[in-house]
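Structural overview
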Amino acid sequence: MLPNDPVMLLSYVNTKLRDFYSSLDEFCAAEEADADELSEKLSSIDYEYDEVTNQFV
């Protein structure tokens, strides 16, 4: 279950990406999350996914 609060979600996702997953697609498949919804929610707090660093920045 992903956190609803965007700031908590950011922390959760970036930690998982850093420690367990090599891409956002891999994370979303494992967590059964929608990449577009996730990106939209995090863009509401001015964060975008960066493929090079594999994190939301």
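Everything that follows concerns the structure shown earlier in this document.
For the structure given in this document, a descriptive report is provided here. Model, not experiment: these values are computed from the prediction.

1. A short note on the overall build of the protein chain
In terms of helices and strands, the protein chain carries three helices and two strands. Counted from the first residue to the last, the protein chain has its helices and strands arranged as α-α-α-β-β. The dimensions of the protein chain, computed from C-alpha atoms along their principal axes, are 25 × 25 × 20 Å. Buried positions account for 25% of the 57 residues belonging to the protein chain. Excluding contacts between residues fewer than 6 apart, the proportion of contacts in the protein chain whose partners are at least 24 apart in sequence is 47%.

2. Here's the deal with the side chain of Asn54
Relative to the elements of secondary structure, Asn54 occurs in the loop between β1 (49-50) and β2 (55-56). Given the relative accessible area of 11%, Asn54 is considered buried.

3. Side note on the packing of helix α1 (residues 6-19) against helix α3 (residues 35-43)
Interhelical geometry of α1 versus α3 gives an angle of 125° and a closest axis separation of 9 Å. The orientation of α1 relative to α3 falls into the category oblique. Two packed elements cross with a definite hand, and for α1 against α3 that hand is left-handed. Facing α1, whose interface residues are Pro6, Leu9, Leu10 and Val13, α3 presents Leu38, Lys41 and Leu42. The class makeup of the residues in the contact of α1 with α3 is six nonpolar, no polar and one charged.

Each value, and the rule that gives it
- Residues numbered from 1 in each chain as written.
- Predicted model: local features only at pLDDT ≥ 70, side-chain atom pairs only at ≥ 80, totals over all residues.
- Heavy atoms only, no water.
- Helix = DSSP H or I, 4+ residues; strand = E, 2+ residues; numbered from the N terminus.
- Buried < 20%, exposed > 50% of the residue type's maximum accessible area, 1.4 Å probe, protein only.
- Contact = heavy atoms within 4.5 Å.
- Axes fitted to C-alpha atoms, helices over the stretch in contact; angles between N-to-C directions.
- Parallel < 35°, antiparallel > 145°, perpendicular 65-115°, else oblique.
- Left-handed = near helix turned anticlockwise from the far one by under 90°.
- Nonpolar A, V, L, I, M, F, W, Y, C, P; charged D, E, K, R; others polar.

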